[in-house]
Amino acid sequence: MANRSFINVKLATMTGTGLGVVTNQAMTTDDKKITWIGPESEMPPGNYIEIDGKGNWVLPGFIDCHTHLVYAGNRADEFEARLEGKSYKQIAEEGGGILSTVKATREASESKLSISASIRLILMRRDSGVSTIDIKSGYGLDFENEAKILRAAADVGEEEGVRVRRGYLAAHTCPPEFKSNPDAYIDQIINEDLPRIVEEGLVDYVDAFCENVGFTPEQTRRLFLAAKHLGMPIRLHADQLSDLGGAGLVAEMGGLSADHVEYTSPASVARMREHGTVAVLLPTAFYYLQETQKPPIAEFRRQGVPMAVATDHNPGTSPFTSLRLAMNMACVLFGLTPTEALRGVTINAAKAMGLQKEIGTLEVGKAADFTLWDVEHPRDIVLELAEMGQHRTFIGEKENSP
Ligand code: NIG
Ligand code: FE
């Protein structure tokens, strides 16, 4: 058991409503949890490995609460096609888009998938000290291939010492085998694949893509009823390209988060507030798709809906590994304040993953996941996009620094 003490640090605890700034404090941890926070002179006696923070800031470990990290292939051809004026929807309707990644991912071995995903996770850690990451399936679309992705996702977490939570996103798009019959595909998921995935312990929650190029609200509702029946939490890709009422739907069904939410209506925002559903903003996907409809930030604020920020890392709409870039874009493109962006990758990201009791703030009893940042003020983390090698990330007993 390694007990550590961190002295000479400034803390941004992310408790309350702002950054939760506490200066002139020290913090102790055991190999799993934060055990004490207070003035150094009052530190409980113990056998600590002492770490001198040299006046640096400590923030909770950053959480990337929405990624599709495990896949094969690349979509450079679509990038060019879109620059020439084709839309994401047109490309999807012609059989490209998600389905082109499905083809490459089905052909890839599990070890090839985990190696490529590990490289991406290393970049994420180095850039932003990411200590928890969400990884969704959705590029396999049949039992074996979805299971392969989910196993690779767990491997990557083990390998890199990062906490991983996995989402089952079989309802990402209709696979070729079910081409003209998405209802039959949803039946297959509900009756066969989902129960097996849950039974084998491969997944933490169920996700879907409710969209004109994905699944209808009715199909989504059927899937979510089955997920809830099995005790699985739900999250949803909602209102990204059009308003089908997805954010309202997932909120009404008690979902953890509605993600993308560019086209979300005020009525759906009200449902989110009622049910405590988090709005997960994905500004790098908004940017990469040259979307012009911004999420209703003022409405989220007015109604008190918590906002998270994530990379949405995937090969088609967000080929980026920098959570700090996502935070920066959330500020520049959507008008978040740096404090909101920082809360978006800590406490609110924890809520979006249902992990707010374990991570997301610096509080006694929470996981000892945090990063020491050599910056003058936490906002510098959001504004300064040059490589920030000057951070040290601790996840439980391990130091996981670049
Ligand atoms: O979150 N919106 C749907 N799913 C992904 C994109 C998937 C893809 O194009 O490969 C997203 O943006
Ligand atoms: Fe996504």
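Residues numbered from 1 in each chain as written. Chains lettered and ligands numbered in written order. Predicted model: local features only at pLDDT ≥ 70, side-chain atom pairs only at ≥ 80, totals over all residues. Heavy atoms only, no water.

Visitor: Account for the environment of Gly53, naming residues and giving values.
Guide: Its place among the elements puts Gly53 in the loop between strand 4 (49-52) and strand 5 (57-60). Classification of Gly53 as buried rests on a relative accessible area of 2%. Residues Gly53 and Trp373, 320 residues apart in the sequence, show an inter-C-alpha distance of 9.0 Å. Contacts of Gly53, omitting those with residues within four sequence positions, involve Ile7, Asn8, Val9 and Leu372. (Helix = DSSP H or I, 4+ residues; strand = E, 2+ residues; numbered from the N terminus. Buried < 20%, exposed > 50% of the residue type's maximum accessible area, 1.4 Å probe, protein only. Contact = heavy atoms within 4.5 Å.)

Visitor: Run through the sheet that holds strand 9 (residues 205-210), naming residues and quoting values.
Guide: Hydrogen bonding along the main chain pairs the strands of a sheet, whether they run parallel or antiparallel. Strand order in the open sheet formed by eight strands is 6-7-8-9-10-11-12-13, with parallel pairing between adjacent strands. Edge positions in the sheet fall to strand 6 (62-64) and strand 13 (307-309), since each has one partner strand and no second. Across this sheet, the average inter-strand angle for adjacent strands is 25°, counted without regard to direction. Where strand 6 lies against strand 7 (residues 130-136), three bridges are found, and the strand directions are parallel. The residue of strand 7 that forms the bridge with Phe62 is Val130. The sheet strands contacting helix 6 (residues 182-199) are strand 8 (163-171) and strand 9, and the helix crosses strand 8 at an angle near 150°. (Pairing = 2+ DSSP bridges. Axes fitted to C-alpha atoms, helices over the stretch in contact; angles between N-to-C directions.)

Visitor: Just give me the short version of the site of ligand 1, but keep the residues and values in it.
Guide: Around ligand 1 sit 15 residues, and of these Arg75, Tyr88, Tyr139, Gln240 and Thr317 come closest. Residue Tyr88 places a side-chain N or O atom 2.5 Å away from an oxygen atom belonging to ligand 1. Contacts to ligand 1 include His237, whose side-chain N or O atom sits 3.2 Å from an oxygen atom. Compared with its free state, where it exposes 320 Å², ligand 1 has 100% of that area covered by protein. For ligand 1, the cavity whose grid points lie within 2 Å of the majority of its atoms is the largest cavity. Here the shell around ligand 1 is composed, by residue class, of four nonpolar, nine polar and two charged. (Near = heavy atom within 4 Å. Polar contact = N/O pair within 3.5 Å; in protein donor to acceptor, adjacent residues only side chain to side chain. Areas by Shrake-Rupley, 256 points an atom, 1.4 Å probe, with all protein chains shown as cover. 1 Å grid on protein atoms, 1.4 Å probe; cavity = no way out; pocket = protein on both sides within 12 Å on 5 of 7 lines; lining within 4 Å. Sits in = over half its atoms within 2 Å of the grid points. Nonpolar A, V, L, I, M, F, W, Y, C, P; charged D, E, K, R; others polar.)

Visitor: Any chance you could break down the domain arrangement of the chain for me, citing the residues and the numbers?
Guide: Interface size, as often reported, equals the accessible area lost upon joining of the parts. In terms of domains, the chain is made up of domain 1 (4-61 + 361-399) and domain 2 (62-352). The gap between the C-alpha centroids of domain 1 and domain 2 is 30 Å. If you look at the interface, domain 1 gives 29 residues, while domain 2 gives 26 residues. Both sides of the domain 1 and domain 2 interface together cover about 1,900 Å² of buried area, and 61% of this is carbon and sulfur. (Domains from an automatic or database assignment. Buried area = accessible area lost by both parts, 1.4 Å probe.)

Visitor: How would you summarise the pairing of strand 5 if you had to cite specific residues and measurements?
Guide: Residues Trp57 and Leu59 point to one face of strand 5 and Val58 and Pro60 to the other, with burial holding for every one of them. Bridge count for strand 1 (residues 4-12) against strand 5 is two bridges, and the pairing is parallel. Residue pairing for strand 5: Lys10 is matched across the bridge by Trp57. Pairing of strand 5 with strand 14 (residues 369-373), which is carried by four bridges, proceeds in the antiparallel orientation. Across the sheet, the residue bridging to Trp57 is Trp373, located in strand 14.

Visitor: Break down unusual backbone geometry for me, citing the residues and quoting the values.
Guide: The backbone of Lys54 shows a phi angle near 50°, a positive value even though the residue is not glycine. Along the polypeptide, Lys54 turns up in the loop between strand 4 and strand 5. Here Asp312, not a glycine, exhibits a phi torsion of approximately 55°, which is positive. The topology assignment puts Asp312 in the loop between strand 13 and helix 12 (323-334).

Visitor: Hey, could you go over the coordination of the iron ion (ligand 2) for me, with residue numbers and the actual values?
Guide: Summarising the metal site, the iron ion (ligand 2) is bound by the protein donors His66 (NE2), His68 (NE2), His237 (NE2) and Asp312 (OD), whose distances to it range over 2.0 to 2.4 Å. Read from N- to C-terminus, the donor residues coordinating the iron ion (ligand 2) fall into the pattern H-x1-H-x168-H-x74-D. With His237 in strand 10 (residues 235-238) and Asp312 in the loop between strand 13 and helix 12, this pair connects stretches of sequence that are 75 residues apart. We note that His237, like Asp312, is buried. (Donors = N, O, S within 2.8 Å, 3.2 Å for Na, K, Ca; no water.)

Visitor: How would you sum up helix 5 (residues 143-160)? Please name residues and give values.
Guide: Helix length check: helix 5, at 18 residues, gives a terminal C-alpha distance of 26 Å against a target of 26 Å (1.5 Å per residue), a fit within 8%. By the burial criterion, the buried members of helix 5 are Phe143, Asn145, Glu146, Ala147, Lys148, Ile149, Leu150, Ala152, Ala153, Val156, Gly157 and Glu160. Elements that come into contact with the buried residues of helix 5 comprise helix 3 (98-107), helix 4 (110-128), strand 7, strand 8 and helix 6. Just beyond helix 5, the residue with positive phi is Gly161, at close to 65°. (Expected span 1.5 Å × (residues − 1).)

Visitor: Please set out the side chain of Asp259 residue by residue, giving values where relevant.
Guide: Following the sequence through the fold, Asp259 ends up in strand 11 (residues 257-260). A polar atom in the side chain of Asp259 sits 2.8 Å from the side chain of His66. When sequence neighbours within four positions are dropped, the list of residues in contact with Asp259 reads His66, Arg235, Leu236, His237, Ala238, Val280 and Leu282.

Visitor: Break down the environment of Tyr168 for me, citing the residues and quoting the values.
Guide: You can see Tyr168 is positioned in strand 8. With relative accessibility at 2%, the residue Tyr168 sits in the buried group. For the pair Tyr168 and Ala147, spaced 21 residues apart in sequence, the C-alpha to C-alpha distance is 9.1 Å. Excluding its chain neighbours within four sequence positions, the residues that come into contact with Tyr168 are Ser137, Glu146, Leu150, Ile189, Asp193, Leu194, Ile197, Val203, Tyr205, Val206 and Asp207.

Visitor: Which residues make up helix 1 (residues 76-83), and what values go with them?
Guide: Here helix 1 has its buried residues at Glu78, Ala81 and Arg82. Buried residues in helix 1, looked at end-on, bunch into an arc of 95°, giving them a common side. In helix 1, the exposed positions that point more than 90 degrees away from the buried face belong to Glu80 and Leu83. The elements touched by buried residues of helix 1 are helix 2 (88-93), helix 3 and helix 10 (283-288). (Arc of directions from axis to C-beta.)

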